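# Geometric and topological summary
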Amino acid sequence: MKIYRVTDSEFKQFGRVIDIDTSEIVSVGEKVALPKEGTAYVASFDDFEGLAIKQPIQDEHFGQLPVQMGFCFGHNNKLNALEWHKCSEVNIAVTDVILLLGDLRDVEADNRYDSAKVKAFKVCKGEAVEVYATTLHYCPIQCSEDGFRCVVVLPVGTNTVLDKKPNDPLIIAKNKWLIAHEDNEALKAKGALATIYGENYTF
């Protein structure tokens with residue numbers, strides 16, 4: 001798979017680069033220990049919540065809606081699944097990362113999705129991007145064997161535990177819809193709908 005940069009025109013379908021000083025949050029994020037294997041996601045991380053960067057992101061990129069600043073850190077080199085929210089998401093790369101992105105409008109009527117439509121985009125350390133609500137995304141891909149670190153900013157409550165079981169089987173957390181790859185046994189065991197077909201890309 002060709003790996004584009006978020007500065008390339010191909011990214012405009014999926015999001016945009018944000019011009020903001022990320023040096024402080026990158027410095028804080030570099031000090032967080034990675035899990036020995038697998039990945040970790042924390043919706044709201046105390047060490048990020050008090051940083052100066054939160055206010056301009058909340059005011060200018062979420063229209064003054066309350067946001068949570070969390071992270072996805074760890075080790076990952078596979079597509080595995082795709083998710084989306086009913087809002088944009090801001091990602092800040094603490095290390096170089098690769099985002100695998102698709103278009104929600106390409107999901108078929110039966111919730112099936114061809115992985116061949118996914119595109120890969122490298123986000124370099126310190127870069128911040130807005131990923132649109134219509135963009136399918138999931139866990140970042142590491143660019144080195146040391147793993148990856150990525151800050152995730154979303155409206156408060158997103159990705160947290162549901163209050164009740166929804167009718168829609170794609171809703172697996174608050175403001176989180178997900179489809180897993182057919183080969184992803186771990187997510188299937190948790191009840192995720194496995195409707196992504198084609199190659200489960202490995203990097």
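Here, every reference points to the structure presented above.
Overview of the structure. (Residues numbered from 1 in each chain as written. Predicted model: local features only at pLDDT ≥ 70, side-chain atom pairs only at ≥ 80, totals over all residues. Heavy atoms only, no water.)

## A few points about the sheet that holds strand S10 (residues 128–131)
Within the open sheet, the six strands sit side by side as S2-S10-S6-S13-S4-S3. Their pairing is antiparallel. Of all the strands in the sheet, just strand S2 (15–18) and strand S3 (39–42) have a single pairing partner and so form its edges. In this sheet, neighbouring strand axes are inclined to one another by 20 degrees on average, regardless of whether the strands run parallel or antiparallel. Relative to strand S13 (residues 148–155), strand S4 (residues 67–74) is paired through eight bridges, and the arrangement is antiparallel. (Pairing = 2+ DSSP bridges. Helix = DSSP H or I, 4+ residues; strand = E, 2+ residues; numbered from the N terminus. Axes fitted to C-alpha atoms, helices over the stretch in contact; angles between N-to-C directions.)

## Concerning the environment of Ser23
By the secondary structure assignment, Ser23 is in helix H1 (residues 23–29). Given the relative accessible area of 47%, Ser23 is considered partly exposed. A distance of 2.8 Å separates a polar atom in the side chain of Ser23 from a polar atom in the side chain of Asp21. (Buried < 20%, exposed > 50% of the residue type's maximum accessible area, 1.4 Å probe, protein only. Polar contact = N/O pair within 3.5 Å; in protein donor to acceptor, adjacent residues only side chain to side chain.)

## Considerations on the pairing of S10
Covered by surrounding structure in S10 are Ala128 and Glu130 together with Val129 and Val131, the residues of both alternating faces. Alignment of S2 against S10, held across four bridges, turns out to be antiparallel. Following the sheet pairing, Arg16 is matched in S10 by Glu130. Here strand S6 (residues 89–93) pairs with S10 via four bridges, running antiparallel. Following the sheet pairing, Val90 is matched in S10 by Glu130.

## Here's the deal with helix H3 (residues 54–61)
Restricting attention to buried positions, one finds in H3 the residues Lys54, Ile57, Gln58 and His61. An end-on view of H3 places all buried positions within 110 degrees of arc, on one side of the element. Gly63 lies just past H3 and shows a positive phi near 60 degrees. (Arc of directions from axis to C-beta.)

## Description of the state of the cysteines
Here a disulfide denotes one covalent bond, and it connects the sulfur atoms of two cysteines. Counting across every chain of the model gives zero disulfides. Left unpaired, Cys72 is separated from the closest cysteine sulfur, that of Cys139, by 3.8 Å. Here Cys87 stays unpaired: no disulfide links it, and the sulfur of Cys150, its closest cysteine neighbor, is 15 Å away. Classification of Cys87 as buried rests on a relative accessible area of 15%. (Disulfide = S-S within 2.5 Å.)

## A closer look at the pattern of salt bridges
Opposite charge on two side chains makes pairing possible when the charged atoms of those side chains draw close. This model, assessed by the stated rule, comprises 10 salt bridges. A salt bridge links Asp96 to Lys122, with the nearest nitrogen and oxygen atoms 3.7 Å apart. One end of the pair, Asp96, is in the loop between S6 and strand S7 (97–103); the other, Lys122, is in strand S9 (residues 119–123), and 26 residues separate them in sequence. Judged by relative accessible area, Lys122 falls into the partly exposed class, the value being 27%. The partner of Lys174 in a salt bridge is Asp163, with the nearest N and O atoms 3.3 Å apart. On the criterion of sequence distance, the pair formed by Lys174 in the loop between strand S14 (171–173) and strand S15 (176–181) and Asp163 in the loop between S13 and S14 is long-range, its members being 11 residues apart. For Lys174, a relative accessible area of 29% corresponds to the partly exposed category. (Salt bridge = Lys/Arg side-chain N within 4 Å of Asp/Glu carboxyl O.)

## What about the packing of aromatic side chains?
Scanning all chains against the criterion turns up seven aromatic pairs. For the ring pair Phe45 and Phe71, a centre distance of 4.8 Å and an interplane angle of 90 degrees mean the geometry is edge-to-face. Of this pair, Phe45 sits in the loop between S3 and helix H2 (46–49) while Phe71 sits in strand S4; the two residues are 26 residues apart in sequence, bridging distant segments of the chain. The structure contains a cluster of three or more aromatic residues connected by ring pairs, namely Tyr4, Phe11, Phe14 and Phe121. Positioned above the aromatic ring of Trp177 is the side chain of Lys86, whose terminal nitrogen or guanidinium carbon lies 4.3 Å from the ring centre. (Phe/Tyr/Trp six-rings, centres within 6.5 Å; stacked < 30°, edge-to-face > 60°. Lys NZ or Arg CZ within 6 Å of the ring centre and 35° of its normal.)

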